[in-house]
Amino acid sequence: MSGADGRLLARAPGKVNLSLLLGPRRADGYHALASVVEAVSLADEVRLAPAPAGTAEDQVVCPGVEGENLAARALAAYRQATGWRGPPLRLEIDKRIPVAAGMGGGSADAAAALRLAASAAGRPIERLDTADRAALDAVAFGLGADVPALLAPGLVAMEGAGERVRPLAPAPAHGILVLPSPHHLATAEVFAEADRRRLARDADELEAGHADVLAALAGGVLPPPELLVNDLQSAAAALCPPIEATLRTVLSAGADHAMLSGSGPTVFGLFLGGDGPDRAAAAATTLVRLEPAPVACVPVDAGWAAPRPATETPA
């Protein structure tokens, strides 16, 4: 295992969807999706260490999260897919990303667990050849649709049902204000409501809309508001009406654009320009009375989330 004492640390960034376009249901039951996913500095902290002496299996400890943890499945899936037979590990997760909120918190932890396991096995993901990286991407998708997009965090285009991911150049400077919700939404229920409302685009419209978003980004600008859309937003708001008020709150706090992340109910605001991070931080201060408290954050990349010896201080 890498690290002087076998202990590793990685940050597991959450995500927002700068665009999320919903396509038709596929033969395998998944919806076709096209999204631009951005990793953000609102992140869990994940620590990997040798399991205590006498422990026969990997352990995952995540206070505040009940039931099976996706990170535990990630460790097991990594061992099964690669045949790695390293000694049992203990994974500890300090949760900071809101749970069941559309920010990919569980997926972020699973992706971090894969990064950490790969480093512990002496095969960090940035050194994998094309075939081995594709195999790891397949493991990630088997864990959940958002996991591939967070395996090497940054700004990525996500297509298919989440299995096709490709990195994009960083977007122009901006800050992000995240407003977590006291409510919870089940992803399956939001998709079912979207189906009931017939919100899905046909295949041609899905492809064209996604192409417009990517073209704007390739031109070095954030897409205009009419392209920064989440097709699940109206369905989520129908199931959780406070979302609409939260969107208005973000705009009234000075955001240039406000939208839902993923299937919600988390709402975020974009603060554009080089002063965007400072304006987002100031807005968080003005809204500090809200519960849960808003969080100002910034985009991050794969280097920010890379495993490192636990004795090192993250940059």
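Scroll up to find the structure this text is about.
All chains use their own residue numbering, which begins from 1 and follows the written sequence. For this predicted model, a pLDDT threshold of at least 70 governs which residues receive local features, and a threshold of 80 or more governs which side-chain atom pairs are given and counted, while totals over whole chains, interfaces and linings are taken from all residues. Values reported for side chains reflect all heavy atoms of the structure, with hydrogen atoms and water molecules removed beforehand.

**Student:** Give me the lowdown on the overall build of the protein chain, citing residues and values where you can.
**Tutor:** Each helix is a run of H or I in the DSSP string that is no shorter than four residues. Each strand is a run of E no shorter than two, and both are numbered from the N terminus. Looking only at helices and strands, one finds 10 helices and 11 strands in the protein chain. For the C-alpha atoms alone, the extent of the protein chain along its principal axes is close to 55 × 45 × 40 Å. Accessibility here uses a 1.4 Å probe with only protein chains present; expressed as a share of the type maximum, an area under 20% marks a residue as buried, one over 50% as exposed, and anything in between as partly exposed. Looking at the protein chain as a whole, 49% of its 315 residues are labelled buried. Residue pairs at least 24 apart in sequence account for 75% of intrachain contacts in the protein chain once pairs closer than 6 positions are excluded. The accessible surface values rely on the Shrake-Rupley method and a 1.4 Å probe; as for residues, cover is taken only from the protein chains in view. Split by element, the accessible area of the protein chain, about 13700 Å² in all, is 54% carbon and sulfur. Here, residues are in contact when the closest pair of their heavy atoms is within 4.5 Å.

**Student:** An account of the side chain of Asp 231 is needed here, citing residue identities and associated values.
**Tutor:** Within the secondary structure, Asp 231 is located in the loop between helix 6 (203-218) and helix 7 (233-239). Here Leu 22 takes part through its backbone nitrogen, which lies 2.9 Å from a polar atom of the side chain of Asp 231. Sequence-distant contacts of Asp 231, defined by excluding residues within four places in its chain, comprise Leu 20, Leu 21, Leu 22, Leu 199 and Arg 201. Pairs of N or O atoms are called polar contacts if they sit within 3.5 Å, as long as, within protein, a hydrogen donor faces a hydrogen acceptor (for residues adjacent in sequence, only side-chain-to-side-chain pairs).

**Student:** An account of the packing of aromatic side chains is requested, with residue identities and associated values reported.
**Tutor:** Pairs were defined over the aromatic rings of Phe, Tyr and Trp, the Trp ring being its six-membered one, requiring ring centres within 6.5 Å. Orientation was assigned from the angle between planes: stacked under 30 degrees, edge-to-face over 60, tilted for the rest. Taken as a whole and judged by the stated rule, the model has two aromatic pairs. Residues Tyr 30 and Phe 141 carry aromatic rings whose centres are separated by 6.1 Å and whose planes lie at 50 degrees to one another, so their mutual orientation is tilted. Within this pair, whereas Tyr 30 is found in the loop between strand 1 (8-25) and strand 2 (31-50), its partner Phe 141 is found in helix 3 (residues 130-143), the two being separated by 111 residues in sequence. A residue is classified by how much of its surface remains accessible, and Tyr 30, at 44% relative accessible area, is partly exposed. With a centroid separation of 6.4 Å and an interplanar angle of 70 degrees, the aromatic rings of Tyr 78 and Trp 84 are classed as edge-to-face. Across from the ring centre of Trp 304, 3.8 Å away, lies the NZ or CZ of Arg 11, which sits over that ring. Definition used: whenever NZ (Lys) or CZ (Arg) falls within 6 Å of the ring centre and also within 35 degrees of the ring normal, the charge is taken to sit over that ring.

**Student:** Go over the side chain of Thr 266, please, and point to the residues and values.
**Tutor:** By secondary structure assignment, the location of Thr 266 is in the loop between strand 8 (257-260) and strand 9 (267-272). Accessibility expressed as a relative area gives 1% for Thr 266, which makes it buried. One polar contact links the side chain of Thr 266 to the main-chain carbonyl oxygen of Ala 101, over a distance of 2.9 Å. Leaving out residues up to four positions away in the same chain, Thr 266 has contacts with Ala 101, Met 103, Val 178, Leu 179, Pro 180, Met 259, Leu 260 and Ser 261.

**Student:** Describe the sheet that holds strand 7 (residues 174-179), with residues and values.
**Tutor:** With antiparallel pairing, four strands are arranged side by side in an open sheet as 8-9-7-10. On the outer flanks of this sheet lie strand 8 and strand 10 (295-297), each paired with one strand and no other. Adjacent strand axes in the sheet meet at a mean angle of 25 degrees, parallel and antiparallel pairs treated alike. Here, strands pair whenever DSSP counts at least two bridges between them. Summarising the sheet, strand 8 and strand 9 pair through four bridges and their orientation is antiparallel. By the bridge assignment, Met 259 is partnered in strand 9 with Phe 268. Fitted lines through C-alpha atoms give the axes, limited to the stretch in contact for helices. The angle between two N-to-C directions lies from 0 to 180 degrees. Each of strand 7, strand 8 and strand 9 touches helix 8 (residues 242-252); the most contacted strand, strand 8, lies at about 155 degrees to it. Together, strand 7, strand 9 and strand 10 form the strand contacts of helix 9 (residues 276-286), whose direction differs from that of strand 7 by roughly 25 degrees.

**Student:** Explain the pairing of strand 4 (residues 89-94) to me, and be specific about the residues and the numbers.
**Tutor:** Alternating positions in strand 4 separate cleanly, Leu 89, Leu 91 and Ile 93 being buried on one face and Arg 90, Glu 92 and Asp 94 remaining unburied on the opposite face. Here strand 3 (residues 59-61) pairs with strand 4 via three bridges, running parallel. By the bridge assignment for strand 4, Val 60 is matched with Leu 91.

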